[in-house]
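# Tertiary structure, described
Residue-level listing of the chains:
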Amino acid sequence: MSWPEIDPGFGGKEVLLADSQDGVGLDSEGPRLTAPGDVKGGRYVFGVVSVTPIKVGD
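The structure contained in this document is the topic of the report that follows. (Residues numbered from 1 in each chain as written. Predicted model: local features only at pLDDT ≥ 70, side-chain atom pairs only at ≥ 80, totals over all residues. Heavy atoms only, no water.)

## Focus on the side chain of Arg32
Counted only if it meets this: The way it works is that DSSP assigns letters per residue, a run of H or I at least four long becomes a helix, a run of E at least two long becomes a strand, and they are numbered from the N terminus. Residue exposure (1.4 Å probe, protein chains only): buried if accessible area is under 20% of the type maximum, exposed if over 50%, otherwise partly exposed. Under this definition, polar contacts are N or O atom pairs within 3.5 Å; protein pairs additionally need one hydrogen-donor-capable and one acceptor-capable atom, and for neighbouring residues in sequence, both atoms have to be side-chain atoms. It only takes one pair of heavy atoms within 4.5 Å for two residues to be counted as in contact.
Residue placement: Arg32 occurs in strand 4 (residues 32–34). With a relative accessible area of 17%, Arg32 lands in the buried category. In this structure the side chain of Arg32 is engaged in a polar contact, spanning 2.5 Å, whose partner is the side chain of Glu29. Not counting residues up to four positions away in its chain, the partners in contact with Arg32 are Leu16, Leu17, Ala18, Gln21, Leu26, Tyr44, Val45, Phe46 and Val48.

See below:
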């Protein structure tokens, strides 16, 4: 578990998986996962290699 999972200041945010920045592809470094507006920076991951969507709740 990481800090963002227990700190309510991080929760309830949408996330963005970016494959480009400023119109330039991120092919060499891989996609980035971030939460726009996250001032704490706890939801920034670079070099994403896989994403597995899961359904949470009902």
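Once the structure has been displayed, the description carries forward.
## Some remarks on the sheet that holds strand 5 (residues 45–46)
In plain terms, the rule: DSSP calls a pair of strands paired once it identifies at least 2 bridges connecting them.
Judged by pairing direction, the sheet is antiparallel, and its three strands sit side by side in the order 1-4-5 without closing on themselves. Strand pairing shows two members of the sheet lacking a second neighbour, strand 1 (16–18) and strand 5, which therefore form its edges. Sheet topology places strand 4 next to strand 5; two bridges connect them, and they run antiparallel. The partner of Leu33 across the bridge, within strand 5, is Val45.

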